[in-house]
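# An overview of the molecular structure
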Amino acid sequence: MEHSLPLLTGDLARAARALTQISPDLIAQRAGVEPDQLRSFERGVIDLDSDQLAELWATLEHYGAQFIAEDADGGYGVRRKFSARNVKRIENWENEGGPAYEDDI
């Protein structure tokens, strides 16, 4: 997986998860890591391998995090891909019965 940041850091992952308001257990499950691994990575205690980092990156993006590359105006960061109102609508749509499927959002 290609992305513009050289590395997904623990603090960036923690910030993305906080912005998306998704539990560490759900993020870990979808990213294919153990919840304790995710928490340890976010605290800077352990490193994840490149495949785990790619899955975590994709998972956080799936839930609405948008990563921002460092540029001349400032450092790297993360923001919500969707406004809070849009996030609420998406959650409502996904909870309207039937199985949730992958989408292009």
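Note: the structure precedes this text.
A short tour of the structure in this document, coming up. (Residues numbered from 1 in each chain as written. Predicted model: local features only at pLDDT ≥ 70, side-chain atom pairs only at ≥ 80, totals over all residues. Heavy atoms only, no water.)

### Points about helix α1 (residues 10-20)
Going by this rule: Summary of the burial criterion: residues with accessible area below 20% of their type's maximum are buried, those above 50% are exposed, and those between are partly exposed, where the area comes from a 1.4 Å probe applied to protein chains only. Counting from the N terminus, the helices are DSSP H or I runs at least four residues long and the strands are E runs at least two residues long. Directions drawn from the helix axis to the C-beta atoms are what define this arc. We call two residues in contact when some of their heavy atoms are within 4.5 Å.
The set of residues buried in α1 consists of Gly 10, Leu 12, Ala 13, Ala 16, Arg 17 and Thr 20. All buried residues of α1 fall inside an arc of 165 degrees around its axis, so they share one side. In this structure, the buried side of α1 is in contact with α2 (24-31), α3 (35-42), α4 (50-62), β1 (65-68) and β2 (77-80). Positive phi shows up at Gln 21, right after α1, with a value of about 60 degrees.

### So, the pairing of β1
Going by this rule: Strand pairing is defined by DSSP finding a minimum of two bridges between the two strands.
Alternating positions in β1 separate cleanly, Ala 65 and Phe 67 being buried on one face and Gln 66 and Ile 68 remaining unburied on the opposite face. As judged from the four bridges shared by β1 and β2, these two strands associate in the antiparallel manner. Bridge pairing in β2 places Gln 66 opposite Arg 79.

### Overview of the nonpolar core
What counts here: By nonpolar core is meant a set of buried Ala, Val, Leu, Ile, Met, Phe, Trp, Tyr and Cys residues that side-chain atoms within 4.5 Å join together.
Ranked by size, the top nonpolar core spans 19 residues in total, and within it Leu 8, Leu 56, Leu 60 and Phe 67 carry the most contacts. Those elements that place two or more of their residues in this core are α1, α2, α3, α4 and β1. When residues of this core are assigned to their parent elements, the largest contribution, four residues, is made by α4. Once residues within four sequence positions are removed from consideration, Leu 60 is found in contact with Leu 8, Ala 13, Ala 16, Arg 17, Thr 20, Ile 27, Ala 65 and Phe 67.

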